[in-house]
Amino acid sequence: MAIRRLWLLQAAGILLALSNSASAQFVAAPGGFTAAAASPFAVGSEPVSLAVADFDGDGTPDIAIANYRSNNVTVLLGKLTVVQGKTTLSYTASSGSPFAVGSLPRSVAVGDFNKDGKPDLAVANYNDDDVTVLLNTFAATPVTVSAASYTPPVAPGSIVSIFGTGLASAESLATALPLPTNLGGTSVTITDFSGAKSVLPLFYAGPLQINAEIPPAAATGAATLTLSTPSGTQTGAVAVTAVAPGLFSANATGKGVALAQFVSNLVTGAPVPVFDCSLEWGIAPPSPWM
């Protein structure tokens, strides 16, 4: 009998094809899934629903689980650790977890209900005929990634983007070289793996993003960034590796076709292709820039 619909479930190197006759065909395939460190993770009694979002703002997806018999929600926070180029993902229960909800919660959903930029939770309580809304009170953690790829890790001397909230009171651009270490009252200090501290040169500072340069002399390994802003001090972690290749893209997402522009040669007038990082750096390069 012909297969009318095909579901491909790639797990443990097996592709499962289901036909309309309920028969199954198994075909060997490369790849699959590997259990994360410490998986499975303990939650409450009879978990029936889950939702995924970055609740603590560190750039790693977290998990909220509705526990039907426990009348609560478990929140597991994800963490990525990079050691000698190897990335490890782990999950631990957040402070205050599990969070009490109504009787027999059956479903959980994510949304920014109070419009503060952080994901909140809505939980449907089957036995109470109501919904519990849990508002996110996690402190925002700035996330540092390559300004080209928008992913970690970063390298000494590379350009990085720091994402968060309340990073500056207004947008400020560097307009001259050498780059400033303070823009609009915002500055960033790195404490590298060796314990050495230095201030980052800044290309751009705005309420939600900072573009800066990791000092060329920064030691590789786990580092801490301290952001001094008009609204207070924030800290975040960053992994510094010897090399972190990245490509600035035309759509400013760190993916796709490389970003370039044509300018005229000052002598011949012929077009000369040059690399333009203005969108990601937050600073317009001189023209022509070769």
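Parameters and conventions
In every chain, residue numbers begin from 1 and rise along the written sequence. Per-residue local features of the predicted model are confined to residues with pLDDT of at least 70, and side-chain atom pairs are confined, for both listing and counting, to 80 or more; whole-chain, interface and lining totals are unaffected and use all residues. Excluded from the side-chain calculation are hydrogens and water; included are all heavy atoms of the structure. A run of DSSP states H or I qualifies as a helix once it reaches four residues; a run of E qualifies as a strand once it reaches two. Both are numbered from the N-terminal end. Residue burial is assigned from relative accessible area. The probe radius is 1.4 Å, only protein chains are included, and a residue is buried under 20% of its type maximum, exposed over 50%, and partly exposed in between. The contact criterion used throughout is that any non-hydrogen atoms of two residues lie within 4.5 Å. Note on areas: these come from Shrake-Rupley sampling with a 1.4 Å probe, and a residue is covered only by the protein chains present in the view. The set of buried Ala, Val, Leu, Ile, Met, Phe, Trp, Tyr and Cys residues whose side-chain atoms join them within 4.5 Å is what this entry labels a nonpolar core. A pair of strands is treated as paired once DSSP finds two or more bridges between them. For helices, the fitted axis covers only the stretch in contact; all axes are lines through C-alpha atoms, and the angles between them, taken along N-to-C directions, range from 0 to 180 degrees.

Draft legend 1. Geometry of the overall build of the protein. The helix and strand inventory of the protein stands at 1 helix and 21 strands. Across the 290 residues in the protein, those meeting the buried criterion constitute 37%. Considering only residue pairs separated by 6 or more positions, the protein has 44% of its internal contacts joining residues 24 or more positions apart. Total accessible area on the protein is roughly 15,800 Å²; 60% of this is exposed by carbon and sulfur atoms.

Draft legend 2. Inspection of the nonpolar core at higher detail. Counting 20 residues, the largest nonpolar core has I162, V188, L200, I210, I214, L225 and L227 as the members making the most contacts within it. The leading source of residues in this core is strand β18 (residues 221–229), at 3 residues. By size, the runner-up hydrophobic cluster in this structure holds 13 residues, among which are F55, A66, V75 and L77.

Draft legend 3. Looking closely at the sheet that holds strand β15 (residues 197–199). What the 4 strands build is an open sheet, ordered β15-β14-β18-β19; its pairing is antiparallel. Unpaired on one side and paired on the other, β15 and β19 (232–240) mark the two borders of the sheet. Looking at each pair of strands side by side, their axes are set apart by 25° on average, direction ignored.

Draft legend 4. Unusual backbone geometry, seen in detail. That bond from S39 to P40 is cis: its omega, 5°, falls within 30 degrees of zero. As for its placement among the helices and strands, P40 is situated in the loop between β2 (24–28) and β3 (47–53). Positive phi, normally seen in glycine, also occurs at N71, with a value near 55°. Turning to its location among the elements, N71 is positioned in the loop between β4 (62–67) and β5 (72–83). The partly exposed category is assigned to N71, whose relative accessible area is 28%. In this structure, L104 is a non-glycine residue whose phi angle is positive, near 55°. Relative to the helices and strands, L104 is located in the loop between β7 (99–100) and β8 (105–111).

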